[in-house]
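Here is what each chain is made of, one letter per residue.
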Amino acid sequence: MTFDLMEQLPDDWRARLEPLLDPIQTAALSAFVAAEYEEHTVYPPRDDLFNAFRHCPYDKARVLILGQDPYHGPGQAHGLSFSVRPGVRLPPSLRNIYKELATDLDVPVATQGDLTPWADQGVLLLNAVLTVRAGDAGSHANKGWEEFTDAAIRALNDKSDRVVFVLWGAYARKKARLITGVQHTVIESAHPSPLSAKKFFGTKPFSAVNKSLADAGEPQIDWDLSAS
């Protein structure tokens, strides 16, 4: 089975990422991903692989929320960081995100975990690694995805309009080195995982994002998912 990752990307993102990527490395990543889908159960499903880019066109991207690895349980991952499909039990990190959102902006806690409405408003919900074997967390780390998604961060950094980069946890915070544009804002804190949630609670990232967007004359994000 042949599988060209760049051909799966929406055209606008492909045009931005191709100049930033080594074609040999991208071809090797494509071959690896194709073999994994062929030989193993891999999440997210292949058709959902680039949902983050499909729902958040480059020109509309105003916020990045960076995750690390897709969920590796059945039915969870669908191509958006921290998000799960409707009807799927909320993972612990997402429950903590909702708790902080409720405290920060007095938004009702959503009962479902599909973050697509955020993506459709210009929030790029990107994982640093975009695939994972079922039940094997981190199994696709260091296979080339990091260079691919670093290119996406660099492409956002190249935008002249403000982008707010939300980096939760030590892994994501290392990506701050890629963000050099003075027009952008970087919001860093502990990860919402139960292991570090005590340091995450009270950081008020959602109001900080909206303030930064408003200061730049950009529309704020409607974070309320309770009606979706």
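Residues numbered from 1 in each chain as written. Predicted model: local features only at pLDDT ≥ 70, side-chain atom pairs only at ≥ 80, totals over all residues. Heavy atoms only, no water.

### Some details on the overall build of the protein chain
Here is step 1 of the chain: Regarding its fold elements, the protein chain presents ten helices and six strands.
Here is step 2 of the chain: In terms of C-alpha radius of gyration, the protein chain reaches 17 Å, essentially the compact-globule figure of 17 Å for 228 residues.
Here is step 3 of the chain: Referenced to the eigenvectors of the C-alpha coordinate spread, the extents of the protein chain come out at roughly 50 × 40 × 30 Å.
Here is step 4 of the chain: Per-residue burial over the protein chain gives 54% buried out of 228 residues.
Here is step 5 of the chain: Sequence separation of 24 or more characterises 68% of the internal contacts of the protein chain that already satisfy a separation of 6 or more.
Here is step 6 of the chain: Summing over all exposed atoms, the protein chain offers an accessible surface of approximately 10,400 Å²; the carbon and sulfur share of this is 49%.
Here is step 7 of the chain: Where the 23 positive side-chain charges of the protein chain centre and where its 29 negative ones centre are 7 Å apart. (Helix = DSSP H or I, 4+ residues; strand = E, 2+ residues; numbered from the N terminus. Rg over C-alpha atoms; globule rule 2.2 N^0.38 Å. Buried < 20%, exposed > 50% of the residue type's maximum accessible area, 1.4 Å probe, protein only. Contact = heavy atoms within 4.5 Å. Areas by Shrake-Rupley, 256 points an atom, 1.4 Å probe, with all protein chains shown as cover. Lys, Arg positive; Asp, Glu negative; His and termini not counted. Charge placed at Lys NZ, Arg CZ, Asp CG, Glu CD.)

### Quick word on the UniProt feature "active site" (unreviewed entry) in the protein chain
Here is step 1 of the chain: In the numbering adopted here, UniProt assigns the feature "active site" (unreviewed entry) to D69.
Here is step 2 of the chain: Position of D69 relative to the elements: it lies in the loop between β2 (63–67) and α5 (92–105).
Here is step 3 of the chain: If near-sequence neighbours (up to four positions away) are discounted, D69 is found in contact with N127, V129, T131, V132, A137 and G138.
Here is step 4 of the chain: Engagement of the side chain of D69 in a polar contact is seen with the backbone nitrogen of G138, the distance being 2.7 Å. (UniProt positions renumbered as here; feature names shortened; annotations may be inferred. Polar contact = N/O pair within 3.5 Å; in protein donor to acceptor, adjacent residues only side chain to side chain.)

### Quick word on the packing of aromatic side chains
Here is step 1 of the chain: Scanning all chains against the criterion turns up 14 aromatic pairs.
Here is step 2 of the chain: Both rings, one in F50 and one in F53, keep their centres 5.7 Å apart while their planes meet at 75 degrees; by these two values the pair is edge-to-face.
Here is step 3 of the chain: Of the residues examined, F50 reaches a relative accessible area of 1% and is grouped as buried.
Here is step 4 of the chain: Residue F53 is classed as buried on the basis of its relative accessible area, which comes to 2%.
Here is step 5 of the chain: For the pair W168 and F206, a centre-to-centre distance of 6.2 Å together with 70 degrees between the ring planes defines the contact as edge-to-face. Taken as a pair, W168 in strand β5 (residues 164–168) and F206 in helix α10 (residues 205–215) lie far apart in primary sequence, 38 residues in all.
Here is step 6 of the chain: Judged by relative accessible area, which is 2%, W168 ranks as buried. (Phe/Tyr/Trp six-rings, centres within 6.5 Å; stacked < 30°, edge-to-face > 60°.)

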